[in-house]
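Each chain is listed here by its residues.
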Amino acid sequence: MHHMISAVFAAITLMIIAVPLAAAPDADIAMYLQQNAPGSGCRPSGDIVRLNGLSEASGVAASRRMPGVLWAHNDSGEPLIFALNEQGAVTGRVRVTGAKVEDWEDIAVGPCPQGSCIYIADVGDNSGNRDHVTVYRVPEPSPQDSSTAPTEVFRARYADGAHDAEALFVTPKSEVFIITKGDPGPIALYRFPRVLRSDVIMQLEQIGAPAAAAKVSSEERPTAADISQDAQWVAVRTTRRVAFYRTADLISGRWLEAFRTDVSGLREPRGEGIAFGAGGTLFLVGEGGAFSAAGTFARLECTMNR
């Protein structure tokens, strides 16, 4: 089933907002916007597509070794990753060898000793009682493979107790970051130790102050994140919008939003995943909603001015 994005977005205004951490007078905010995000924004490209086999599509990431290939996954069920093309067609299903699924929430592609690896974040914790979270790392397979190489398993705990999280990104320096969801606890950025170890449960380090200390509405809770291919930007999505941060700001603990784009006009049953493609392309995936309907796939073209 296809829906035309162009029709859906006819009345949407893409918002460009700059938000310093501390409150500022309107004039100061306007000055910040003018200096830091002039002309930035996103527009829809093509149709919204249904993803067969991905009724709980939760994460998506772009391959670094195979241009035009994306990787996606469900948040429950079998430990499978799905290869997609850039039009949202499923081109392969690959079993992640040695992995288990508790609550897979996001996926990233980043460097590793083997070259290019897939990182899978089993970090969901709706009840807030997990002893630790898990990230699986495996060398990128090919879409035609039936299974991956054996996976590495990295476990870690939050120093301040359990958190629910759905967002993961990996920098070109192999730094692994998680953004918590804000229920329970705050929206905050955590980093794995720089040297990942599979023989111990590591401790996650909180970077900077939380983005929001108080409980936020469901529409403001992060469901995914990704870093741009030039590593200049991190996009953090919720079910209704995508916020853009300069990487240098965010990974140093400064929640300094450069601009944001409203994606509510897509009418995703539940927006979940996000991935940067080449240039300013963004790919979005989401759950299908009731009755195990197929998930959704959409594409945006964005201008991100430095």
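Residues numbered from 1 in each chain as written. Predicted model: local features only at pLDDT ≥ 70, side-chain atom pairs only at ≥ 80, totals over all residues. Heavy atoms only, no water.

## A short note on the overall build of the chain
Here comes step 1: Secondary structure assignment for the chain yields 3 helices and 22 strands.
Here comes step 2: The buried share of the chain, reckoned over its 306 residues, is 55%.
Here comes step 3: As displayed, the chain offers around 12600 Å² of accessible surface, 50% of which is attributable to carbon and sulfur atoms. (Helix = DSSP H or I, 4+ residues; strand = E, 2+ residues; numbered from the N terminus. Buried < 20%, exposed > 50% of the residue type's maximum accessible area, 1.4 Å probe, protein only. Areas by Shrake-Rupley, 256 points an atom, 1.4 Å probe, with all protein chains shown as cover.)

## Quick look at the sheet that holds strand β11 (residues 152–158)
Here comes step 1: Here 8 strands make up an open sheet; going across it, the order is β8-β9-β10-β11-β15-β14-β13-β12 and the pairing mixed. What marks the edges here is a single partner per strand, and that holds for β8 (104–112) and β12 (165–170). When the angles between neighbouring strand axes are averaged without regard to direction, this sheet yields 30 degrees. (Pairing = 2+ DSSP bridges. Axes fitted to C-alpha atoms, helices over the stretch in contact; angles between N-to-C directions.)

## Thoughts on the side chain of D103
Here comes step 1: Its location among the elements puts D103 in the loop between β7 (90–95) and β8.
Here comes step 2: For the buried D103, no salt bridge is present, and the opposite-charge side chain at shortest range is R130, 5.9 Å distant.
Here comes step 3: Contacts of D103, omitting those with residues within four sequence positions, involve D75, A121, D122, V123, G124, D125, N126 and R130. (Lys, Arg positive; Asp, Glu negative; His and termini not counted. Salt bridge = Lys/Arg side-chain N within 4 Å of Asp/Glu carboxyl O. Contact = heavy atoms within 4.5 Å.)

## Digging into the state of the cysteines
Here comes step 1: Per the counting criterion, the structure on display carries 2 disulfides.
Here comes step 2: Here C112 is linked by a disulfide to C117, with a sulfur-sulfur distance of 2.1 Å. Classification of the bridge connecting C112 and C117 rests on its S-S torsion, roughly 70 degrees, and on that basis the disulfide is right-handed. The exposure classification of C112 matches that of C117, with both residues buried. (Disulfide = S-S within 2.5 Å.)

## Some remarks on the pairing of β11
Here comes step 1: Relative to β11, strand β10 (residues 133–139) runs antiparallel, the two sharing 5 bridges. Of the residues in β11, the one forming a bridge with V133 is A156.

## Quick look at the pairing of strand β6 (residues 80–84)
Here comes step 1: Counting buried positions over the 5 residues of β6 gives 5, a clear majority of the element.
Here comes step 2: Of the two faces of β6, both are covered, the one formed by L80, F82 and L84 as well as the one formed by I81 and A83.
Here comes step 3: Of the pairings in the sheet, the one linking strand β5 (residues 70–74) to β6 comprises 3 bridges and is antiparallel in character. Looking at β6, one finds that W71 is bridged to A83.
Here comes step 4: The antiparallel pairing of β5 with β6 creates a hairpin that spans 5 residues between the two strands, and G77 there sits at a positive phi of about 95 degrees.
Here comes step 5: Direction of pairing for β6 relative to β7: antiparallel, over a ladder of 5 bridges.

## Brief notes about the sheet that holds β5
The strands that make up a sheet pair up through hydrogen bonds in the backbone, lying either parallel or antiparallel.
Here comes step 1: Across the sheet, which stays open at both edges, the 4 strands sit in the order β4-β5-β6-β7 with antiparallel pairing between neighbours. The open sheet has two free edges, formed respectively by β4 (57–62) and β7, since each of these has just one partner strand. Direction aside, the axes of adjacent strands within the sheet are offset by 25 degrees on average.

## Quick word on the environment of A83
Here comes step 1: Turning to its location among the elements, A83 is positioned in strand β6.
Here comes step 2: Counting along the chain gives 13 residues from A83 to L70, while the straight-line C-alpha distance between them is 5.6 Å.
Here comes step 3: Setting aside anything within four residues of it in sequence, one finds A83 in contact with L70, W71, A89, V90, T91, G92 and P143.

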